[in-house]
Amino acid sequence: MDKITCLHDKHVALGANMVPFGGFDMPLYYDNIVAEHEAVRQKVGVFDVSHMGEVKVTGIEAEKFVQYIFTNDIKDAEIGKIFYGMMLHENGGTIDDLLVYKMGEQDFLLVINAANIEKDYAHIVQYAKDFNVKTENLSDIYGQVAIQGPESEITVENVLGIKCSDLTFYTFKTIHFEDEEIIISRTGYTGEDGFEIYASHTIIQFIWDKLIEAGIQPCGLGCRDTLRFEVGLPLYGDELSDEISPIMSGLSMFVKLEKDNFLGKEACVDQKENKTYKQRVIGIELQEKGIPRNGYPVQAEGKDIGYVTTGYKSISTGKFICMALIDKNYAKLETPVDVLIHNKPRKGIVVKKRFYQKNYKK
Amino acid sequence: MAKIIEGLYYSESHEFVKVEGEYAYIGITDFAQEQLGNVTYIEFPEIDEEISAGDSFGSVESVKAASDLTSPVSGVVVEVNEVLEDEPELVNKDAYSNWLIKVKLSDPSELESLMDAQAYTDICK
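Residues numbered from 1 in each chain as written. Chains lettered and ligands numbered in written order. Predicted model: local features only at pLDDT ≥ 70, side-chain atom pairs only at ≥ 80, totals over all residues. Heavy atoms only, no water.

- As recorded by an unreviewed UniProt entry, chain B carries the name Glycine cleavage system H protein and is attributed to Alloprevotella rava.
- Per UniProt, chain B has the following entry under Function (unreviewed entry): "The glycine cleavage system catalyzes the degradation of glycine. The H protein shuttles the methylamine group of glycine from the P protein to the T protein."
- Quoted verbatim from the Sequence similarities (unreviewed entry) heading of the UniProt record, the comment on chain B is "Belongs to the GcvH family." (UniProt positions renumbered as here; feature names shortened; annotations may be inferred.)

- The name that an unreviewed UniProt entry assigns to chain A is Aminomethyltransferase, with the source organism given as Alloprevotella rava.
- Listed under Subunit (unreviewed entry) in UniProt, the entry text for chain A is "The glycine cleavage system is composed of four proteins: P, T, L and H."
- As stated in UniProt under Function (unreviewed entry), the record for chain A gives "The glycine cleavage system catalyzes the degradation of glycine."

What follows is the structure, given as structure tokens:
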């Protein structure tokens with residue numbers, strides 16, 4: 001039985017097409033994926049992302065502990081900063097990708113993927129034993145909405161009455177709202193400017209209703225995937241996994257090899273310096289028509305060299321594009337490759353994963 | 001409620017067949033387009049390709065999924081609806097007037113095994 005978020009009834013009432021995702025029954029789309037996608041690229045849309053998990057880490061050694069389990073470098077950061085990075089296995093494989101919010105000098109909030117909540121929390125608890133820290137899984141307590149698109153700032157300020165123009169990219173603040181402390185950050189997963197709000201279920205329901213009443217487009221996971229894909233953002237399970245390290249996925253900039261020891265560091269150093277990995281995640285643009293979908297084989301010189309991780313006919317550009325995990329010897333830009341679609345090879349070339357330019361407000 | 005038109009033949013896999021003389025226009029039903037959501041691409045067969053009843057002759061693809069097209073009849077493909085190559089979303093607007101392929105029927109007796117509008121209405125419930 002899938003879990004439900006605090007907005008589940010509202011999705012059903014809006015007539016959403018519901019699907020299981022990460023252990024939750026979630027809206028895939030309300031009426032029309034293309035319209036939802038375009039609302040976020042051109043105006044604004046709101047997503048229920050309450051399925052995401054939240055883990056609080058507090059204590060004297062909180063920073064030291066997060067540094068140990070996380071690939072990015074949070075040392076001496078200002079309160080209010082957010083970091084993107086991964087938790088890794090010793091062998092460099094990815095346990096999850098996550099955001100770390102620095103709430104206080106000894107207080108961090110880790111935002112993790114819904115499908116990985118139990119696995120991640122078990123991992124965190126296991127290593128927390130060696131540190132003077134307290135960990136709490138708050139995933140069932142926080143609800144979360146994402147307001148995304150070029151008009152998100154004006155929407156948050158005018159519809160919700162929350163001042164957010166002072167927030168820069170990847171920062172947050174805690175504010176009083178309807179007699180409660182809530183978190184608002186300038187973050188998202190669409191490649192557009194946007195905000196994410198974390199609060200109790202009651203407040204998230206209140207915020208959702210206000211936005212929907214104001215005519216803001218509700219957006220499902222369908223367009224969340226097409227949006228993140230076009231700007232080359234990874235989805236755990238597709239472009240990152242227990243087998244796919246951040247180095248293989250082209251995310252080295254979030255793995256700070258110069259910092260002190262962290263889980264998976266040695267493997268990443270080895271992968272980076274000695275190129276010991278065999279495959280890389282790359283972008284492919286097809287020169288023939290056909291939609292490359294997850295799992296379709298990628299070939300070069302007539303032999304299999306990998307598979308498609310995510311692919312679409314891009315809603316924003318109309319191109320037939322995909323990300324794929326392939327033999328690193330074919331990963332150079334402009335290498336000709338074929339994607340096998342319905343058992344027919346379609347010609348393509350290796351391109352950068354950023355198929356569409358991000359429009360962040362920094 | 002999905003639209004169902006009298007006078008057409010229907011398959012269990014939600015294709016319709018509209019017969020004109022020795023030719024048939026094949027498309028997907030309104031029910032099928034509703035289930036698929038936004039159609040973004042259609043994979044057509046080649047002109048002159050011979051297809052048999054029950055064979056896959058292409059696919060209709062929405063943003064999220066590819067759905068195989070199964071031919072309800074046997075024949076030779078004489079035309080594909082090229083308008084849909086650039087505007088596949090027309091299938092969502094009106095599935096019945098935006099047929100996918102035109103086939104020269106090789107065995108018109110196969111039509112008898114297909115459903116009429118009444119029978120098809122029952123399976124869409």
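**Considerations on the environment of K353(A)**
All names here are of chain A.
Moving on, step 1. Position of K353 relative to the elements: it lies in the segment after β19 (344-351).
Moving on, step 2. When its relative accessible area of 17% is taken as the criterion, K353 is described as buried.
Moving on, step 3. Taking the C-alpha atoms as reference points, K353 and F229, 124 residues apart in sequence, are found 8.5 Å from one another.
Moving on, step 4. In this view, K353 contacts F229, E230, V231, G232, S249, G250, V281, I282, G283 and M323; residues no more than four positions away in its chain are not counted.
Moving on, step 5. Engagement of the side chain of K353 in a polar contact is seen with the backbone oxygen of S249, the distance being 2.4 Å. (Helix = DSSP H or I, 4+ residues; strand = E, 2+ residues; numbered from the N terminus. Buried < 20%, exposed > 50% of the residue type's maximum accessible area, 1.4 Å probe, protein only. Contact = heavy atoms within 4.5 Å. Polar contact = N/O pair within 3.5 Å; in protein donor to acceptor, adjacent residues only side chain to side chain.)

**Some words on the sheet that holds strand β6 (residues 56-62) of chain B**
Residues and elements named next belong to chain B.
Moving on, step 1. If you trace the three strands from one edge of the open sheet to the other, you get β4-β6-β7, paired in antiparallel fashion. Edge strands, defined here as strands with exactly one partner in the open sheet, are β4 (39-43) and β7 (66-70). In this sheet, adjacent strand axes meet at a mean angle of 25° when their direction is disregarded.
Moving on, step 2. In the sheet, β6 pairs with β7 via five bridges, with the strands oriented antiparallel. For S59, the partnering residue across the bridge sits in β7 and is D68. (Pairing = 2+ DSSP bridges. Axes fitted to C-alpha atoms, helices over the stretch in contact; angles between N-to-C directions.)

**Concerning unusual backbone geometry**
Residues and elements named next belong to chain A.
Moving on, step 1. Backbone geometry at Y170 places phi at a positive 60°, although glycine is not the residue there.
Moving on, step 2. Positionally, Y170 belongs in the loop between α5 (152-159) and β10 (172-177).
Moving on, step 3. Residue Y170 is classed as buried on the basis of its relative accessible area of 19%.
Moving on, step 4. For H342, which is not glycine, the phi torsion reads 50° and is therefore positive.
Moving on, step 5. Structurally, H342 can be placed in the loop between β18 (336-341) and β19.

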